[in-house]
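Breakdown of the fold
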Amino acid sequence: MSNRRVLVNLRGLLTPDPARTWAVDRILDAALAMEGGRVVWMGRAVDLPSAWTDVPKVDGGGAWATPGFVDPHTHLLFGGDRSGEFNRRLQGVSYKHIASEGGGIRETVRATRSASVDELVASGESRLRAFRERGVVHLECKTGYGLELEAESRLTAAYGELKRRGWSLDVTLLPAHDLAPEFSGNAEANARAVADEWLPELVRRHPGVARFCDVFVETGVFTVEQGRHIFDAGLRLGLTPRVHADELTWTGGAELAAELGAASADHLMFCSEAGMKAMAATDVTPVLLPGTTLFLGMRDWAPARKMIGAGCRVALASDFNPGSCPCMDPLTILRLGCLQLRMTFEEAFTAMTFHAARSLRHIDLGHLHTGARAEVLLWDIEEVLELVYWVGEPFRPRFLPA
Ligand SMILES: [Zn+2]
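Bear in mind the structure is a predicted one, so any value in this text is a computation, not a measurement.

Cut-offs applied
Residues numbered from 1 in each chain as written. Predicted model: local features only at pLDDT ≥ 70, side-chain atom pairs only at ≥ 80, totals over all residues. Pairing = 2+ DSSP bridges. Helix = DSSP H or I, 4+ residues; strand = E, 2+ residues; numbered from the N terminus. Contact = placed C-beta atoms within 7 Å. Axes fitted to C-alpha atoms, helices over the stretch in contact; angles between N-to-C directions. Buried ≥ 20, exposed ≤ 12 C-beta atoms within 10 Å, placed from the backbone. Parallel < 35°, antiparallel > 145°, perpendicular 65-115°, else oblique. Left-handed = near helix turned anticlockwise from the far one by under 90°. Nonpolar A, V, L, I, M, F, W, Y, C, P; charged D, E, K, R; others polar. Core = buried A, V, L, I, M, F, W, Y, C linked by C-beta atoms within 7 Å. Domains from an automatic or database assignment.

Another aspect to go through is the sheet that holds strand β10 (residues 264-267). Strand order in the open sheet formed by eight strands is β5-β6-β7-β8-β9-β10-β11-β12, and the pairing between neighbours is parallel. Every other strand in the sheet has two partners, leaving β5 (69-74) and β12 (315-316) as the edge strands with one partner each. Of the strands in this sheet, β9 (240-245) and β10 are in contact with helix α8 (residues 253-260), which crosses β9 at around 170°.

Following this line, the structure appears as structure tokens:
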């Protein structure tokens, strides 16, 4: 009745410790006691408190238990796909040329504008299933392929419906993802439309759906000044900033995120050392997206080691989107964190669980200490390090029975 149960027969359990920044607990022959969908105790099976001995058991089957992954940066909903463009780029055609023909992000914007809410919900749900099968239990999802009020409103409505269907999501409004075709060459007027008209109207039409607001602050897109104007409007509407920052050039996006008290600054391949220090001092989470660097064939990987050295609580995310990272696989991102960003397994794992959750202001996700949501993954492997070691191996977790 209180739905108390104990997960037993675990080869091991690996979890970040939310009380200590980069600490990871690794417990062999573990057990985990749950009540009402929350963790109430975890430790070595031999130390299970006697009050739990007669409680119903769930057999872990000798698996390793970990918390579910949290993905703090996705562009989940969009129309169409860009596989044709991908192959043209492989044939040597530049993105600039493709964009000049009306392709690239413009192609996704056209397809998204013509999609109905029902179509967006259906494709969103099949993508969410793919993420979940791979172990992602909570995601941040952005609007941003509408670039005008009505299409952004349909995207927000679709996210609202996915939440009503029980998917665990945080929604971010990103109507300032790029210059809208209608505002081409006039970023200033575009930023004013987003801040003064679109954001207030999206929040009025869809109360309670979005928690965050985001702007692509980048050379040739929106300036720091225009970003500040949009974020201030978002803050007045109760939306916490997350910033697409310093992705292609240094623009001072990380510094802006620190100034605003943003939850995160994302991408950051060209982040300054001053920006890193400012993020560490103000507890802005740098969210790094190595899948994008890989898919775009860029050479500049985000400086994760320097950020960790500066005291930042780095998180990793997929940046799932049709143009620069069509990847729904957390193990690929985990492996890139280790192999390209030079993070240890424990760091990359923490970056994709607890630090990711924390960047979304959830402290009860991404770990398995007392009070956490019992979102447990069971991996049928001998040693948990195999998750990164067998590069390319498509491990799939099992979930606890409902
Ligand atoms: Zn993004």
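So much for the structure itself; the text now carries on.
Turning our attention to helix α1 (residues 83-90). Burial analysis of α1 places just zero of its eight residues in the buried class, a small minority of the element. Looking at the residues trailing α1, positive phi occurs at Gly 92, about 100°.

Moving on: the pairing of strand β2 (residues 24-35). As judged from the 10 bridges shared by strand β1 (residues 4-16) and β2, these two strands associate in the antiparallel manner. Its bridge partner being in β2, Arg 4 is matched across the sheet by Glu 35. Between β2 and strand β3 (residues 38-44), which pair antiparallel one after the other, the connecting turn spans two residues, and Gly 36 there sits at a positive phi close to 60°.

At a minimum axis separation of 9 Å, helix α4 (residues 117-133) and helix α5 (residues 149-164) run at an interaxial angle of 50°. Here α5 runs oblique to α4, going by the angle between their axes. Between α4 and α5 the crossing geometry is right-handed. Between α4 and α5, the contacting residues are Val 117, Leu 120, Val 121, Gly 124, Glu 125 and Leu 128 on the first element and Arg 154, Leu 155, Ala 157, Ala 158, Glu 161 and Leu 162 on the second. Its residues assigned to classes, the contact of α4 with α5 comprises eight nonpolar, one polar and three charged.

Take unusual backbone geometry next. Its identity is not glycine, yet Asp 29 carries a phi of approximately 50°, on the positive side. Residue placement: Asp 29 occurs in strand β2. Positive phi, close to 60°, is recorded for Asp 283, a residue that is not glycine. By the element assignment, Asp 283 lies in the loop between α9 (273-282) and β11 (285-288).

Turning to the sheet that holds β2, a few remarks are in order. In space, the six strands of this open sheet follow the order β3-β2-β1-β4-β13-β14, with mixed pairing throughout. Sheet topology places β3 and β14 (398-399) at the edges, where each strand pairs with a single neighbour. In terms of strand pairing, strand β4 (residues 57-67) meets strand β13 (residues 376-379) through four bridges, oriented antiparallel. Each residue of the ladder has a partner; that of Ala 65, found in β13, is Leu 378.

The subject of this paragraph is the nonpolar core. Residues Leu 32, Ala 65, Ala 254 and Ala 257 are the most contacted members of the largest nonpolar core, which totals 124 residues. No other element matches the eight residues that helix α6 (residues 187-205) contributes to this core. In terms of domain composition, this core takes at least three residues from each of domain 1 (4-68 + 366-399) and domain 2 (69-359). In contact with Leu 32, other than residues within four places in its own chain, are Leu 7, Leu 13, Val 39, Met 42, Ala 65, Leu 368 and Val 376.

Domain boundaries assigned for the protein chain yield domain 1 (4-68 + 366-399) and domain 2 (69-359). For domain 1 and domain 2, the distance between their C-alpha centroids amounts to 31 Å. The partner domain 2 presents 21 residues to the 18 residues of domain 1 that form the contact. Class assignment for the residues of the side of domain 1 that touches domain 2 results in 12 nonpolar, four polar and two charged.

All right, on to the packing of α6 against helix α7 (residues 224-236) then. Put simply, α6 and α7 touch, their axes get as near as 9 Å, and they point 5° apart. In terms of orientation, α6 lies roughly parallel with respect to α7. Residues Ala 187, Glu 188, Ala 191, Val 194, Ala 195, Asp 196 and Leu 199 of α6 form the contact with α7, whose participating residues are Gln 226, His 229, Ile 230, Ala 233 and Gly 234. Each residue belonging to the contact of α6 with α7 can be placed in one class, and the counts come to seven nonpolar, three polar and two charged.

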